[in-house]
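Listed below, chain by chain, are the residues.
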Amino acid sequence: MATEPVNVSEFQELAKQALPKMFYDFYSGGAEDQYTLRENIEAFSRIMFQPRVLVDVSCINLSTTILGYKISSPIMVAPTGMHKLAHPEGEVATARAAAACKTIMVLSFSSTCTVEEVASSCNAIRFFQVYVHRRRDISAVLVQRAERCGYKAIVLTADTPRLGRREADIKNKMISPQLKNFEGLLSTEVVSEKGSKLAAFANGALDPSLSWKDIAWLKSITNLPILIKGVLTAEDAVKAVEVGVAGIIVSNHGGRQLDYVPATISVLEEVVQAVGGRIPVLFDGGIRRGTDVFKALALGAQAVLIGRPVIFGLAAKGEYGVRRVIEMLRDELELTMTLCGCRSVKEITRSYVQTERDSLRSLL
Ligand code: FNR
């Protein structure tokens with residue numbers, strides 16, 4: 001392969017070459033049979049375009065606004081843990097790339113750089129993702145530190161009362177390093193010899209009693225807007241609107257939690273319809289091409305987040321690699337819009353795509 005990758009999957013190949021097997025497996029893998037992991041990607045290939053021709057596409061505008069923040073394209077950075085296992089500069093490199101691309105980065109609760117280090121490294125617009133720890137004070141301290149250093153929203157990950165069963169991590173005895181964010185608060189290091197140390201740590205830390213009632217608690221400890229990440233059904237989308245959050249992220253955690261949930265792109269439209277425009281709906285899972293971004297927007301997402309592609313870029317080429325991944329997806333999206341006859345993100349509507357359900361309906 002030429003050293004300059006031309007698409008996300010070539011970045012994945014470079015990341016595989018660059019990383020120790022334990023870390024590559026951790027980043028790329030999913031839960032159990034990895035059905036959902038594969039389906040997240042494959043379901044995109046069953047959605048077809050219905051382009052319009054003879055539209056003046058000499059000027060394409062990709063910019064959009066999320067919670068009032070203007071970004072250069074509807075492609076944001078999803079929260080993913082432990083970037084220093086991919087590159088020594090860790091989340092600071094990722095944040096700088098997000099800043100260069102004028103987009104939003106969601107920093108993971110399980111980051112290897114601290115919330116303060118990431119905040120002072122650049123002027124990226126940052127959101128902070130939170131897991132609720134059995135000791136609520138620990139999550140509260142992190143949320144308040146993030147708020148103090150200028151993060152703009154809290155993303156509550158709701159699909160992880162326990163960690164999904166990731167069998168590669170079990171076999172590789174995936175490590176759980178001490179995370180700097182928690183120094184003085186708790187030890188995240190696990191030294192057992194059995195299975196995934198990361199899973200052992202996470203399952204002791206995550207609070208499985210977390211419920212819809214606790215959104216009130218989260219609201220009581222922060223003034224920042226709250227997004228719920230991990231919604232997959234219309235029913236939960238309606239509940240999210242009812243508890244008064246600022247937005248939701250349709251996500252199945254990149255196929256790393258419950259295996260055999262549908263691809264996120266297959267449930268997006270149902271969630272969007274249930275929300276009915278009352279709050280923004282964001283999307284992640286399986287985005288590897290600009291065409292995927294377009295499809296998610298056509299089915300009602302305001303923006304998408306990318307998880308693994310960012311890590312592949314980081315592992316392969318550090319900050320530059322992350323920037324290239326975001327730019328490549330942005331350029332592919334621009335070309336897709338041009339060839340579909342859409343001049344702005346607003347012009348990307350449902351009528352530009354045909355889903356499997358549409359084809360079935362037309363047979364009836
Ligand atoms: C994740 N994801 C995740 N989500 C979250 O809320 N907090 C976290 O710390 C992590 N950590 C994490 C690590 C790794 C290695 C991966 C691959 C994923 C899930 C992430 O935010 C997002 O939902 C998925 O990555 C989206 O799917 P793609 O883009 O990876 O296909």
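Computed from a predicted structure; not experimentally measured.

Rules used in this analysis
- Residues numbered from 1 in each chain as written.
- Predicted model: local features only at pLDDT ≥ 70, side-chain atom pairs only at ≥ 80, totals over all residues.
- Helix = DSSP H or I, 4+ residues; strand = E, 2+ residues; numbered from the N terminus.
- Rg over C-alpha atoms; globule rule 2.2 N^0.38 Å.
- Buried ≥ 20, exposed ≤ 12 C-beta atoms within 10 Å, placed from the backbone.
- Contact = placed C-beta atoms within 7 Å.
- Near = placed C-beta within 6 Å.
- Pairing = 2+ DSSP bridges.
- Right-handed = clockwise from strand over helix to strand, strands pointing away.
- UniProt positions renumbered as here; feature names shortened; annotations may be inferred.
- Axes fitted to C-alpha atoms, helices over the stretch in contact; angles between N-to-C directions.
- Parallel < 35°, antiparallel > 145°, perpendicular 65-115°, else oblique.
- Left-handed = near helix turned anticlockwise from the far one by under 90°.
- Nonpolar A, V, L, I, M, F, W, Y, C, P; charged D, E, K, R; others polar.
- Expected span 1.5 Å × (residues − 1).
- Arc of directions from axis to C-beta.

A. Representation of the overall build of the protein within the structure. Looking only at helices and strands, the protein has 14 helices and 12 strands in total. A globule of 364 residues ought to have a C-alpha radius of gyration of about 21 Å, and the protein, at 20 Å, matches this closely. Within the protein, the proportion of its 364 residues that are buried is 52%. Look at the contacts in the protein between residues 6 or more apart in sequence, and 71% of them connect residues 24 or more apart.

B. Here's a closer look at the site of the ligand. Looking at the ligand, there are 25 residues lining it, with Ser 108, Thr 157, Gly 254, Gly 307 and Arg 308 nearest. Contributions of two or more residues to the shell around the ligand are made by α2 (21-28) and α13 (308-340).

C. Up close: the pairing of strand β10 (residues 281-284). Covered by surrounding structure in β10 are Val 281 and Phe 283 together with Leu 282 and Asp 284, the residues of both alternating faces. Relative to β10, strand β9 (residues 247-250) runs parallel, the two sharing three bridges. Residue pairing in the sheet places Ile 248 in a bridge with Val 281 of β10. The handedness of the β9 to β10 crossover, carried by helix α11 (residues 264-275), is right-handed.

D. Spatial organisation of unusual backbone geometry. In this model, Gln 34 sits at a positive phi of 60 degrees, which is unusual for a non-glycine residue. Residue placement: Gln 34 occurs in the loop between α2 and α3 (35-42). Of the residues examined, Gln 34 has 17 C-beta atoms within 10 Å and is grouped as partly exposed. Although it is not a glycine, His 253 sits at a positive phi angle of roughly 65 degrees. Within the secondary structure layout, His 253 lies in the loop between β9 and α11. For His 253, a count of 25 C-beta atoms within 10 Å translates into the label buried.

E. Fine view of the UniProt feature "binding site: glyoxylate" (unreviewed entry) in the protein. With numbering matched to this structure, UniProt assigns "binding site: glyoxylate" (unreviewed entry) to Tyr 131, Arg 166, His 253 and Arg 256. Among the structural elements, Tyr 131 can be located in the loop between β6 (125-130) and α6 (136-148). Taking the number of C-beta atoms within 10 Å as the measure of exposure, Tyr 131 has 22 and is therefore buried. The residues touching Tyr 131, leaving out its near neighbours within four places in the chain, are Phe 109, Ser 139, Thr 157, Thr 160 and Leu 206. The topology assignment puts Arg 166 in the loop between β7 (154-157) and α7 (167-172). Residues in contact with Arg 166, not counting those within four places in the same chain, are Gly 29, Ala 31, Ser 196 and Arg 256.

F. A look at the pairing of strand β11 (residues 303-306). Residue alternation in β11 divides its side chains into two sets, Ala 303 and Leu 305 and Val 304 and Ile 306, and both sets are buried. The parallel pair β10 and β11, bridged by helix α12 (residues 290-298), forms a crossover whose chirality is right-handed.

G. Molecular detail of the environment of Val 241. Turning to its location among the elements, Val 241 is positioned in helix α10 (residues 234-242). Between the alpha carbons of Val 241 and Ser 344 there is a distance of 27 Å; along the sequence they are 103 residues apart. With sequence-adjacent residues up to four places away left out, Val 241 is seen in contact with Val 275, Arg 278 and Ile 279.

H. Focus on the packing of α12 against α13. Where α12 contacts α13, the two axes come as close as 7 Å, and the packing angle between them is 60 degrees. Between α12 and α13, the interaxial angle falls into the category oblique. Relative to α13, the crossing made by α12 is right-handed. Residues Gly 290, Thr 291, Val 293 and Phe 294 of α12 form the contact with α13, whose own contacting residues are Leu 329, Asp 331, Glu 332, Leu 333, Leu 335, Thr 336, Met 337 and Cys 340. Partitioning the contact of α12 with α13 into residue classes produces seven nonpolar, three polar and two charged.

I. Summary view of α6. Here α6 contains 13 residues, and its C-alpha end-to-end distance of 18 Å stays within 8% of the 18 Å for a straight helix at 1.5 Å per residue. Those residues of α6 lying buried are Ser 139, Leu 142, Val 143 and Ala 146. Axial view of α6: buried residues confined to an arc of 100 degrees, hence all on one face. In α6, the exposed positions angled more than 90 degrees off the buried face are occupied by Asp 137 and Arg 148.

J. Spatial organisation of the environment of Leu 299. Note on placement: Leu 299 falls in the loop between α12 and β11. According to the C-beta neighbour criterion, Leu 299 is buried, with 25 such atoms within 10 Å. Expressed as a C-alpha distance, the spacing of Leu 299 and Tyr 352, which sit 53 residues apart in the sequence, is 9.3 Å. If sequence neighbours within four positions are ignored, Leu 299 has contacts with Ile 265, Leu 268, Glu 269, Val 272, Arg 350 and Val 353.

K. Here's a closer look at the packing of helix α4 (residues 90-100) against α13. The interhelical angle for the contact between α4 and α13, taken along N-to-C directions, is 15 degrees, at an axis separation of 7 Å. As the angle between them shows, α4 and α13 are arranged roughly parallel. Where α4 crosses over α13, the two elements pack in a sense that is left-handed. Across the interface between the two elements, Ala 93, Thr 94, Arg 96, Ala 97 and Ala 100 from α4 touch Val 310, Leu 314, Gly 318, Glu 319, Val 322, Arg 323 and Ile 326 from α13.

L. A look at the environment of Leu 163. Tracing the sequence through the fold places Leu 163 in the loop between β7 and α7. By C-beta crowding, Leu 163 is classed as buried, having 20 other C-beta atoms within 10 Å. Setting aside residues up to four positions removed in sequence, Leu 163 forms contacts with Ala 199, Ala 202 and Asn 203.

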